[in-house]
Amino acid sequence: MSLRQLVETRINYLALMNKVYLKRKISNRISGGHPWIFGNEIERVDNGINPGDIVEVFFSDGKFVGKGYINPKSQILIRLLTRDRKQQINEQFFIDRIAGCWEYRKKIGYVENCRLVFGESDEMPQLIIDKFNDYFVIQTLALGVDLWKGSFVKAINEIFKPRGIYERNDAPVRELEGLPQQKGFLSEPFDTKIIINENGLKFYVDLENGQKTGYFLDQQDNRRAITKIVKGAEVLGAFTYTGAFEIHAAHSGAKSVLGIDISESAVKQAGENALLNNLQEVVRFETANAFNTLKQWAKDGRQYDVVMLDPPAFTKSRETIQRAIAGYKEINLRGIKLIRPRGFLITSSCTNLVSPELFLQIIDMAAKDAKRKIRQVVFQTQSPDHPVIRGIESTQYLKFLIVEVQ
Ligand code: SAH
């Protein structure tokens, strides 16, 4: 037996060892295709399994479920990578998967900038890779994918010949997996303040210090959806971040645009983006807390033709969902009060736990409280490079609504 065969036999032997059996009575979520397996759904785990290992999962009757990675530290004990027992989980597996993600993005027309890998939607749970033209940002948000980070870098190098790769693992969710928060280069160092093109406009993206991976690619189609209704309008945008919506509005013929954000550095970058597109005459930015400011401006009698709201996620846990609902209701009520008759509210929610139906109900409540009738113009989700998978609710997280406010 050659050394290689010996090693492979050993690997197969270990793979055989790593078995997990589910309880008899579990919800049909797993058989329905959902990739998460919770600790309380498991009957028995083989001895000798290490955190991050690939395991084989079986139903209680011995039928094969799939292969995935395990982490006893996490409430989601196992996340499945495949339902095909013959598939070996190794470096080539991840390289092939990432190549598949790229083929899909090319097919649907998201080439220059895109979310190349969207975790569960691409059957690589908790792995995020954003492509910003020749630069890539990686997040490995669970131990089971963190261990394969080198393979992801290899895949990107093989497929794209990138100018730079950056790790943005400074995400608090990593702590739930027992992982440290960290960021840094996964390629030769490069200037992390880059410029991207979106819908014919230019934006600086700060890959090192920007929020999340530096830029919110999920709104790229939604930014295009506002172009008609902002023509000739006085526009207010709250939660502007680096001004992407506001600069689209200014470019699309708005009369004036004001963007506000609580973060001083975001406002500074938004101003730089206005200059980059030569729109500084039309759009300006201010540092302000949207909750207090919108309330005060409504009292002062200020009015706008279009108000845009794009707040951060208000909660990540079910315990505080009521507070998130109250937050959305409050901010949308404040926004609606500032809108002239027959103006428009453009409002988003990226809170996973707020379903599209619930979001619409919240906006209805806000309109009712403001004693205004609303008429729906557009209701959609994130751009398709962040695919939605039926049955995996967390993959449809963004709600984007435009209503006429009568
Ligand atoms: N519209 C942006 C993304 C917004 S992200 C885009 O298209 O890129 C949410 C923003 O809300 C962040 O920049 C954050 O700094 C800001 N924010 C959070 N709380 C706020 C508050 N109370 N008032 C104003 N801005 C706030």
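Just so it is clear, the model here is predicted, and its values are computed rather than measured.

S.K.: What should I look at first to understand the domain arrangement of the protein chain in this one?
M.R.: For interface size, the figure often reported is the accessible area lost on association. In terms of domains, the protein chain is made up of domain 1 (3-82), domain 2 (91-193) and domain 3 (216-405). One C-alpha centre belongs to domain 2, the other to domain 3, and the line joining them spans 28 Å. Taken together, the contacts link 15 residues of domain 2 with 14 residues of domain 3. Carbon and sulfur atoms make up 65% of the surface buried where domain 2 meets domain 3, a total of about 1,100 Å² over both sides. Of all residues in domain 2, the largest losses of buried area upon contact with domain 3 belong to Tyr-110, Phe-118 and Ser-121, amounting jointly to 45% of the total for that side. Where domain 2 meets domain 3, there are 1 salt bridge. Where Glu-272 meets Lys-193, a salt bridge forms, and the shortest distance between an N and an O atom there is 2.6 Å.

S.K.: Whenever I open this one, the sheet that holds strand β10 (residues 164-169) confuses me. Can you help?
M.R.: Strands in a sheet are paired, the pairing made by backbone hydrogen bonds, and the direction either parallel or antiparallel. Spatially, β7-β8-β9-β10-β11 is the arrangement adopted by the 5 strands of the open sheet, whose pairing is mixed. Unpaired on one side and paired on the other, β7 (113-118) and β11 (182-185) mark the two borders of the sheet. When strand polarity is set aside, the average angle formed by the axes of neighbouring strands in this sheet is 15°. Of the strand pairs in this sheet, strand β8 (residues 127-132) and strand β9 (residues 135-140) are connected by 6 bridges, and their pairing is antiparallel. Bridging from a neighbouring strand, Ile-129 pairs with Ile-138 of β9. Helix α2 (residues 91-108) contacts β7 and β8 of the sheet and is inclined by roughly 140° relative to β7. Set on the sheet, helix α4 (residues 149-160) makes contact with β7, β8, β9, β10 and β11; between it and β9 the angle comes to about 160°.

S.K.: Explain the side chain of Asp-146 here, please?
M.R.: Relative to the elements of secondary structure, Asp-146 occurs in helix α3 (residues 143-146). Taking relative accessible area as the criterion, Asp-146 reaches 15% and is therefore assigned buried. Excluding residues within four positions of it along the chain, Asp-146 makes contact with Thr-140, Asn-169, Arg-174 and Leu-179.

S.K.: Would you mind showing me how to read helix α7 (residues 264-276) here?
M.R.: In an α-helix, one turn spans 3.6 residues; hence positions three or four apart end up facing the same way. In a regular helix each residue adds 1.5 Å, so 13 residues correspond to 18 Å; α7 covers 19 Å between its end C-alpha atoms and thus fits that length. Taken together, the buried positions of α7 are Ala-266, Val-267, Gln-269, Ala-270, Asn-273 and Ala-274. The buried residues of α7 occupy one face: seen down the axis, they fall within an arc of 165°. For α7, exposure combined with an orientation more than 90 degrees from the buried face picks out Glu-264, Lys-268 and Leu-275.

S.K.: So what exactly am I meant to see when it comes to the packing of aromatic side chains here?
M.R.: Pairs of aromatic rings are described using the distance from one ring centre to the other and the angle between the two planes. Summed over all chains, the structure comprises 19 aromatic pairs. Residues Phe-93 and Phe-94 carry aromatic rings whose centres are separated by 5.0 Å and whose planes lie at 85° to one another, so their mutual orientation is edge-to-face. Residue Phe-94 is classed as buried on the basis of its relative accessible area, which comes to 0%. For the pair Phe-291 and Phe-314, a centre-to-centre distance of 6.1 Å together with 50° between the ring planes defines the contact as tilted.

S.K.: Please explain the site of the ligand as it appears in this structure.
M.R.: Surrounding the ligand, one finds 17 residues, the nearest of these being Gln-211, Arg-223, Asp-261, Ala-290 and Asp-310. At a separation of 3.1 Å, a nitrogen atom of the ligand approaches a polar backbone atom of Ile-262. Between Asn-289 and the ligand, the recorded distance is 3.0 Å, taken from a side-chain N or O atom to a nitrogen atom. Protein coverage of the free-state accessible area of the ligand, which is 580 Å², stands at 90%. A class-by-class count of the residues in the shell around the ligand yields 10 nonpolar, 4 polar and 3 charged.

S.K.: Can you help me understand the sheet that holds strand β19 (residues 374-380) in this one?
M.R.: What the 7 strands build is an open sheet, ordered β16-β15-β14-β17-β18-β20-β19; its pairing is mixed. The strands lining the two open edges of the sheet, one partner per strand, are β16 (283-287) and β19. Neighbouring strand axes in the sheet, compared pairwise and without regard to direction, differ in orientation by 15° on average. The pairing of strand β14 (residues 234-238) with strand β17 (residues 304-309) spans 4 bridges and is parallel.

S.K.: Sorry, what's going on with the pairing of β16 here?
M.R.: A regular strand places its side chains so that they alternate between the two faces of the sheet. Two strands pair when backbone bridges link them, and strand β15 (residues 256-261) and β16 are joined in this way by 5 bridges, in the parallel orientation. Counted as the bridge partner of Val-257 is Val-283 from β16. Each parallel crossover has a hand, and the one from β15 via α7 to β16 is right-handed.

S.K.: When you look at the environment of Leu-176 in this model, what are you seeing that I'm missing?
M.R.: Relative to the assigned elements, Leu-176 resides in the loop between β10 and β11. Separated by 48 residues in sequence, Leu-176 and Ile-128 place their C-alpha atoms 17 Å apart. Ignoring sequence-local partners within four residues, the contact set of Leu-176 consists of Lys-73 and Ser-74.

S.K.: Before we go on, may I ask you to explain the nonpolar core in this structure?
M.R.: Ranked by size, the top nonpolar core spans 38 residues in total, and within it Ile-226 and Val-235 carry the most contacts. Ranked by residues supplied to this core, first place goes to helix α6 (residues 244-251) with 5 residues. Composition of this core by domain shows at least three residues from each of domain 2 (91-193) and domain 3 (216-405). If we ignore the near neighbours within four places in the chain, the residues touching Ile-226 are Phe-245, His-248, Ala-249, Met-308, Ile-346, Phe-400 and Ile-402. Of all hydrophobic cores here, the second largest spans 31 residues; its members include Phe-239, Ile-362, Val-403 and Val-405.

Conventions and cut-offs
As a convention, each chain's residues are numbered from 1 in the sequence order in which they are written. Since the coordinates come from a predicted model, pLDDT governs what is reported: local features require at least 70, and pairs of side-chain atoms require 80 or more to be given and counted, while whole-chain, interface and lining totals use all residues. Think of the side-chain values as coming from all heavy atoms in the structure, minus any hydrogens and water. What counts as a domain boundary in this text is fixed by an automatic or database domain assignment. For this analysis, residues touch if any pair of their heavy atoms sits within 4.5 Å. Simply put, the buried area is the total loss of 1.4 Å probe accessible area from both parts when two parts are fitted together. Salt bridge, as used here, is a side-chain nitrogen of Lys or Arg placed within 4 Å of a carboxyl oxygen of Asp or Glu. Here, a strand pair is defined by DSSP locating no fewer than two bridges between the strands. Each helix is a run of DSSP H or I of at least 4 residues and each strand a run of E of at least 2, with the numbering of both proceeding from the N terminus. Axis lines are fitted through C-alpha atoms, for helices just across the contact stretch, and the angle between N-to-C directions can take any value from 0 to 180 degrees. Each residue is assigned to one of three classes by its accessible area relative to the maximum for its type, calculated with a 1.4 Å probe on protein chains only: buried under 20%, partly exposed between the two thresholds, exposed over 50%. How far a helix is expected to stretch is found by multiplying one less than its residue total by 1.5 Å. This arc is built from the directions going out from the helix axis to the C-beta atoms. Pairing of aromatic rings covers Phe, Tyr and the six-membered ring of Trp, with a centre-to-centre limit of 6.5 Å; geometry is then stacked below 30 degrees between planes, edge-to-face above 60, and tilted otherwise. Whether a residue is near a molecule or strand is decided by its heavy atoms; if any one of them lies within 4 Å of it, the residue is near. Polar contact is defined as a pair of N or O atoms within 3.5 Å, subject to the rule that within protein one atom must be able to donate a hydrogen and the other to accept it, and that residues adjacent in sequence are counted only when both atoms are side-chain atoms. Note on areas: these come from Shrake-Rupley sampling with a 1.4 Å probe, and a residue is covered only by the protein chains present in the view. Asp, Glu, Lys and Arg are counted as charged, while Ala, Val, Leu, Ile, Met, Phe, Trp, Tyr, Cys and Pro are counted as nonpolar; the rest, among them Gly, fall into the polar class. For crossovers, right-handed means that the path from the first strand over the helix to the second runs clockwise, given strands pointing away from the viewer. Put simply, buried Ala, Val, Leu, Ile, Met, Phe, Trp, Tyr and Cys residues joined by side-chain atoms within 4.5 Å make one nonpolar core.

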